[in-house]
Each structure stands twice: as structure tokens, then as C-alpha cells.
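# Fold and contact review
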Amino acid sequence: MTVLHQPDATIYEGKAKILFATSDPKVVIQEFKDDLTAFNAQKKGTFFGKGALNCQISATLFKYLALEGVPVHFRSLDSPRRMIIDRLDMVPLEVVVRNRVAGSLGKRLGIPEGSQLSFPLVEWYYKRDDLGDPMVNRDHIRVLKLASDAVLDQIRTLTLQVNDLLVPYFRERGIVLVDMKLEFGWKADGTLTLGDEIDGDTSRLWDVVTGEKFDKDRFRLDLGSVKDGYEKIYERVVGHAVES
Ligand code: UDP
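Presented here is an overview of the structure given in this document. Bear in mind that the values here come from a model prediction, so they are computed numbers and not experimental data. (Residues numbered from 1 in each chain as written. Predicted model: local features only at pLDDT ≥ 70, side-chain atom pairs only at ≥ 80, totals over all residues. Heavy atoms only, no water.)

## Some points on the site of the ligand
Short version of the rule: We call a residue near a molecule or strand as soon as one heavy atom of that residue lies within 4 Å of the molecule or strand. Think of a polar contact as two N or O atoms within 3.5 Å of one another; within protein, one of them needs to be a possible hydrogen donor and the other a possible acceptor, and neighboring residues in sequence only count if both atoms come from side chains. Accessible surface area values rest on a Shrake-Rupley calculation with a 1.4 Å probe, where residue burial reflects the displayed protein chains alone. Strands here mean DSSP runs of E at least two residues long; helices mean DSSP runs of H or I at least four residues long; both are numbered from the N terminus. The residue classification treats Ala, Val, Leu, Ile, Met, Phe, Trp, Tyr, Cys and Pro as nonpolar and Asp, Glu, Lys and Arg as charged. All others, Gly included, are polar.
Near the ligand you find 15 residues, and of these Arg 98, Ser 104, Asp 179, Arg 204 and Arg 220 are the closest. Glu 94 has a polar side-chain atom sitting 3.3 Å from an oxygen atom of the ligand. A distance of 2.6 Å is found between an oxygen atom of the ligand and a side-chain nitrogen or oxygen belonging to Ser 104. In isolation the ligand has 500 Å² of accessible area, and contact with the protein removes 77% of it. Here the element with the most residues in the shell around the ligand is strand β9 (residues 93-100); it accounts for three residues. Residues belonging to the shell around the ligand are distributed by class as follows: three nonpolar, four polar and eight charged.

Right under this line is the structure:
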């Protein structure tokens, strides 16, 4: 199938990605931008090549998950920072799964950063930038009619499956998967499908030996070169050095 890119047909532009329509209404191009934002876009930055690094990290992880039977939106890479994906009707929830304590969890519950959780902890956030993506529970989701209980169960099962696959995947590459944020949506054929991205912008990834943070916390907390961190993730996930 030939997918024609129509540069004027922007469907959506977010903080880190742009979606373009194609000649096929079921297919979309997801372009990864070089921009970085944190704290609900109050802190902004950019570095050349960031989009391409994240696009290829995400593509590699999606390919692996697809091989393991997870329904993913990813179809193929179109260019270093563009992927061809199935168009999804998104569930307006961000699903966070955590293996160790970091970020907002440690602050909220007073648990030291890095503590191992006895099981993968799942949290739900309502995808509403104007409200700062508040954490919600099942009752809030019911009141807002964001998803049925059966769909939430399906999303939870898929989230835990993705986590169970990626924890050892990263560990074999010398990385601890501390936590990650996933998003799901409906494909045209009705399949609940993993969408968005999985990379250093949306997950916390630490060196197994030194504990060095490779992910967006470098940007959030001014911990050093974000580019160096993302290149380390790329090298370990994609399996070869970044070509300059
Ligand atoms: N996360 C994300 N988008 C958000 C909020 C969180 O991708 O809008 C990711 C974040 O990078 C981390 C995980 O979800 O890997 C858990 O984030 P947390 O709740 O600790 O919030 P943060 O400390 O990132 O504000």
C-alpha cells in the first residue's frame, strides 16, 4: 500500500509530536519533534536530533512488543523521526505503571526514591492539559464516563503485559525500567491498541549498575546533557551507536 504524505494535513500538534493525515484515513504519520517540555509545559527546551532518537527508540520497542503479541499502532518507520501508524480513537487516560518509586509517587506517599515496589503499581491520569492531567480512580473514570469497567480491565491487563515484557528487555540491556506512561486507543477494526510513544520522554530509565538517570528527569532536574542520556538509551535499545 502506498501512503502519501500530505504536509498540510496536520491532524494534531502536541508538545512533542505532530500527527499528519495520509491518503488512507486509517493511517497516520507520527512525527517526533526536537522540543522537550516538563511540568505541564512550564519548562521548555530543545535539542537537535531528539525527535529522531525517540522515534527510533519507540519504533524498536513497538516492534518487539508486536512480535510478542501486543496490539500496537506502529506499522513502519517513514524517516528517522517519522513513523507510520494506525489511526486510533484515543481513550483520554494516561496509564502509569511503576516498578520502583520515583517522581510524584515518592513525593505523594513519602517513600524514598528507588524503593522497589512489591508489585507493578498502576495509576490512572485524566488526559486534560488544562487541568494538569489529574490522577483519577475508577469511580472518577465512571463518573466522567471515560471508559467502561471492562475496558479499564483490558487496559490494565495490556499495561501489565507490556511492563512484564519490557522490564526484562531493558534489564538485558543494562537498564532499570523504573516507570512508564502508556496510552491506548481503538483501531478502526475495534481492537484496543497501544499508541503514543515509549522512550525517555515517557519512562524513567536508570543504569542498572550506577543508577544514572538516562531519561527526561535529566531535563526536569538539570542533571546533565539530555542528549547524552537519550543517546545512551538509543544505543542500548536499538543496539548500535548513534550515527552522526
Ligand atoms: N509521564 C508522562 N507524561 C505525563 C506525566 C508523567 O510521560 O504527563 C511519565 C513520566 O515520564 C514518568 C511516569 O510517567 O516516567 C510517572 O510520572 P510521575 O507521575 O512520577 O510524574 P512526574 O514526576 O514525571 O511529573
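## Concerning the packing of aromatic side chains
To keep things clear, this is the line we draw: Here a pair means two rings of Phe, Tyr or Trp (six-membered ring of Trp) with centres within 6.5 Å. Their orientation is stacked below 30 degrees between planes, edge-to-face above 60, and tilted elsewhere. Under the scheme applied here, a residue whose accessible area is under 20% of the maximum for its type counts as buried, over 50% as exposed, and between as partly exposed, the area being computed with a 1.4 Å probe on protein chains only. Criterion for a charge above a ring: Lys NZ or Arg CZ within 6 Å of the ring centre, and within 35 degrees of the ring normal.
Counting across every chain of the model gives four aromatic pairs. Arranged with centres 6.1 Å apart and planes meeting at 85 degrees, the rings of Tyr 169 and Phe 170 form a pair that is edge-to-face. Of the two residues, Tyr 169 and Phe 170, neither departs from the other in class, the shared state being buried. Among the aromatic residues, those joined into a cluster by ring pairs are Tyr 64, Tyr 169 and Phe 170. Sitting over the ring of Phe 219, Lys 43 keeps its end group 5.0 Å from the ring centre.

## Observations concerning the sheet that holds strand β14 (residues 192-194)
For clarity, the cut-off: Pairing between two strands is assigned when DSSP locates at least 2 bridges connecting them.
Read across the sheet, three strands follow the order β8-β13-β14 without closing on themselves; strand pairing throughout is antiparallel. Two strands bound the open sheet, and with one partner strand each, they are β8 (89-90) and β14. Across three bridges, the pairing between strand β13 (residues 184-186) and β14 is antiparallel. Within the sheet, the bridge partner assigned to Phe 184 lies in β14 and is Leu 194.

## Looking at the side chain of Ser 203
Going by this rule: Two residues form a contact once any of their heavy atoms are found within 4.5 Å.
With respect to the secondary-structure elements, Ser 203 resides in strand β15 (residues 203-207). Of the residues examined, Ser 203 reaches a relative accessible area of 5% and is grouped as buried. Within the structure, Ser 203 has its side chain in polar contact with the backbone oxygen of Asp 199 (distance 2.6 Å). Once residues lying within four places of it in the same chain are set aside, the contact partners of Ser 203 are Leu 177, Asp 179, Met 180 and Asp 215.

## Some remarks on the sheet that holds strand β12 (residues 175-182)
Selection criterion: An axis is simply a line fitted to the C-alpha atoms; with a helix, the fit covers only the stretch in contact. Between two such axes, the angle follows the N-to-C directions and lies from 0 to 180 degrees.
One open sheet accounts for five strands, arranged β11-β10-β9-β12-β15; its pairing is antiparallel. The sheet is open, and its two edges are formed by β11 (135-136) and β15, each paired on a single side. Here β12 pairs with β15 via five bridges, running antiparallel. Each bridged residue has a counterpart across the sheet, and for Leu 177 the counterpart in β15 is Leu 205. Its contacts with the sheet put helix α4 (residues 149-171) on β9, β10 (116-126), β12 and β15, and the angle it makes with β12 is roughly 155 degrees.

## Observations concerning α4
In an α-helix, one turn spans 3.6 residues; hence positions three or four apart end up facing the same way. For the record, the criterion: Take the number of residues in a helix, subtract one, and multiply by 1.5 Å to get its expected span.
Over its 23 residues, α4 extends 33 Å from the first C-alpha to the last, a length consistent with the 33 Å expected when each residue adds 1.5 Å. For α4, the set of buried residues is Val 151, Leu 152, Ile 155, Leu 158, Thr 159, Val 162, Asn 163, Leu 165, Leu 166, Tyr 169 and Phe 170.

## What to know about the environment of Leu 205
Locating Leu 205 in the fold gives a position in strand β15. A C-alpha to C-alpha distance of 21 Å links Leu 205 and Ala 41, two positions 164 residues apart in sequence. Other than its neighbours up to four places away in sequence, Leu 205 contacts Phe 170, Ile 175, Val 176, Leu 177, Gly 200, Glu 212, Lys 213, Phe 214, Asp 215 and Ile 233.

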